[in-house]
Amino acid sequence: MSARTIRRDVERLRTLGYPVAALAGVQGGYRLAAGRDLPPLLLDDEEAVAIAVGLRTAAGGSVVGMEEASVRALAKLEQVLPARLRRRVNALRTYTVPLTTDAPTVDPQTLATLSLACRDQERLRFRYRTHDGTLSRRLCEPHRLVSAGRRWYLVAWDVDRSDWRTFRVDRLDEPQHTGVRFRDRDLPAGDAAAFVAEAIKAPFARRRATVRLHAPVAVVAARLPPWAGVLEAVDDQTCVLRAATESLDWLAMLIGVLDVDFTVVEPDELRVCVRAIAERLARSAARPDAAS
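Residues numbered from 1 in each chain as written. Predicted model: local features only at pLDDT ≥ 70, side-chain atom pairs only at ≥ 80, totals over all residues. Heavy atoms only, no water.

**Re the nonpolar core**
Reasoning step 1: Counting residues in hydrophobic clusters, the biggest one holds 21 residues, and the most contacted among them are Leu 213, Val 220, Leu 224, Leu 241, Leu 251, Leu 258 and Leu 270.
Reasoning step 2: Elements with a minimum of two residues in this core: β8 (207-213), β10 (238-245), α8 (248-256) and α9 (268-286).
Reasoning step 3: Beyond its immediate sequence surroundings of up to four residues, Leu 270 is in contact with Ala 209, Val 211, Leu 248, Leu 251, Ala 252 and Val 264.
Reasoning step 4: Among the nonpolar cores identified, the runner-up in size contains 14 residues, and Val 106, Ala 117, Leu 124 and Phe 126 belong to it. (Core = buried A, V, L, I, M, F, W, Y, C linked by side-chain atoms within 4.5 Å. Buried < 20%, exposed > 50% of the residue type's maximum accessible area, 1.4 Å probe, protein only. Helix = DSSP H or I, 4+ residues; strand = E, 2+ residues; numbered from the N terminus. Contact = heavy atoms within 4.5 Å.)

**Observations concerning the confidence of the model for the chain**
Do not read the fine detail of predicted coordinates wherever pLDDT is low.
Reasoning step 1: Averaged over all residues, the pLDDT of the chain is 82; the fraction at 70 or higher stands at 86%.
Reasoning step 2: Within the chain, no element has a lower average pLDDT than helix α3 (residues 66-80), which sits at 73, and none a higher one than strand β3 (residues 122-129), at 94. (pLDDT = per-residue confidence, 0-100.)

**A closer look at α8**
Residue pairs three or four apart in sequence face the same way in an α-helix, which turns once every 3.6 residues.
Reasoning step 1: Among all positions in α8, only Leu 248, Leu 251, Ala 252, Leu 254 and Ile 255 are buried. Viewed along the axis of α8, the buried residues span an arc of 165 degrees, placing them on a single side of the element.
Reasoning step 2: Contacts made by the buried residues of α8 are with β8, β10, β11 (262-266) and α9.
Reasoning step 3: With a side-chain oxygen positioned 3.4 Å from the backbone nitrogen of Asp 249, the residue opening α8 is Ser 247. (Arc of directions from axis to C-beta. Polar contact = N/O pair within 3.5 Å; in protein donor to acceptor, adjacent residues only side chain to side chain.)

**Some words on the packing of α8 against α9**
Reasoning step 1: Running from amino to carboxyl end, α8 crosses α9 at an angle of 60 degrees, the nearest separation of the two axes being 9 Å. The angle between the axes of α8 and α9 places the two elements in the oblique class. Regarding α8 and α9, the two cross each other, and that crossing is right-handed. Facing α8, whose interface residues are Leu 248, Asp 249, Leu 251, Ala 252, Met 253 and Ile 255, α9 presents Glu 269, Leu 270, Cys 273, Val 274 and Ile 277.
Reasoning step 2: Here the contact of α8 with α9 is composed, by residue class, of 9 nonpolar, no polar and 2 charged. (Axes fitted to C-alpha atoms, helices over the stretch in contact; angles between N-to-C directions. Parallel < 35°, antiparallel > 145°, perpendicular 65-115°, else oblique. Left-handed = near helix turned anticlockwise from the far one by under 90°. Nonpolar A, V, L, I, M, F, W, Y, C, P; charged D, E, K, R; others polar.)

**Focus: the sheet that holds β10**
Reasoning step 1: Reading across the sheet, the 4 strands line up as β9-β10-β8-β11 and stay open at both edges, with antiparallel pairing between neighbours. Bordering the open sheet on either side are β9 (230-235) and β11, each of which pairs with just one other strand. Between one strand and the next, the sheet's axes are offset by a mean angle of 25 degrees, whatever the strand orientation.
Reasoning step 2: Where α8 meets the sheet, its contacts fall on β8, β10 and β11, and the angle it forms with β10 comes to roughly 150 degrees. (Pairing = 2+ DSSP bridges.)

**A word on the environment of Val 230**
Reasoning step 1: As for its placement among the helices and strands, Val 230 is situated in strand β9.
Reasoning step 2: In this structure, Val 230 is in contact with Val 240, Leu 241 and Arg 242, ignoring residues within four places of it in sequence.

**Observations regarding the side chain of Asp 170**
Reasoning step 1: If you trace the backbone, Asp 170 turns up in the loop between β6 (163-168) and β7 (172-181).
Reasoning step 2: Residues contacting Asp 170, with those up to four places away along its chain left out, are Pro 104, Thr 105, Val 106 and Arg 129.

**Some details on the packing of aromatic side chains**
Reasoning step 1: All chains considered together, the criterion is met by 3 aromatic pairs.
Reasoning step 2: Considering the side-chain rings of Tyr 128 and Phe 167, the 5.0 Å spacing of their centres and the 80 degrees angle between planes classify their relative orientation as edge-to-face. With Tyr 128 in strand β3 and Phe 167 in strand β6, this pair connects stretches of sequence that are 39 residues apart. One exposure class covers both Tyr 128 and Phe 167, and it is buried.
Reasoning step 3: Aromatic side chains Trp 157 and Trp 164 sit 5.8 Å apart centroid to centroid with 80 degrees between the ring planes, which places their arrangement in the edge-to-face category. Trp 164 carries the same exposure label as Trp 157, and that label is buried. (Phe/Tyr/Trp six-rings, centres within 6.5 Å; stacked < 30°, edge-to-face > 60°.)

Here it is, written out as structure tokens:
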């Protein structure tokens, strides 16, 4: 390729909006630079549809202000999509209906501040409101942000309490950078998501239970909600569920609909619940209702 061809191609990139820096000399050359405006993006079919799906999901998401921006971006994307992809995106829009809820929302600027503090390992100060409405000022070392459905959680080391904590982001106000760096710590759980899952269950989990499930851990994990407990593989055909729950009746019904054989390891009260539910279902199935 000739130098003339390269210069022409670089000029074409600049015309399209890509900032290209040039440096003369032996060590010189061309380099793509970060620009003020977003240049055109070249996407394949699957990438374009994935972005459209993501924007449509964000339009009904839990982050304040994202709905309008997502709709605007989706409209721009649909204008330039080829007909074959526009049909796929329009089918998604026509035949999907979002389930609206009154779940809390969070400020995108707050999420940006928290994520930057996690990345830069910088201490944060913020005001926090607990579930009972108590307000306090917190100084923490942010570790990770965790998205759990429509709620966001910050996993952080609470400096004043010398312990790990989870903070619901919708209850967090006025996050401020302190400029103080910290050395990252090791979480007591395997990862931030597991730590948040355990923290969410803790206030309601008054009973502990262990159940041996006679099925591969991958099969059970696909049917069991992640907040139900911790699954551990025993071998290729067996796994153990360690659950913490407020209601053993609820746990008995949950494992009963997994469609796998199981053995209750502990406690004895869970065995009683399973037996009672089994007897009730058996009676209901064997006795026709004459009145109906």
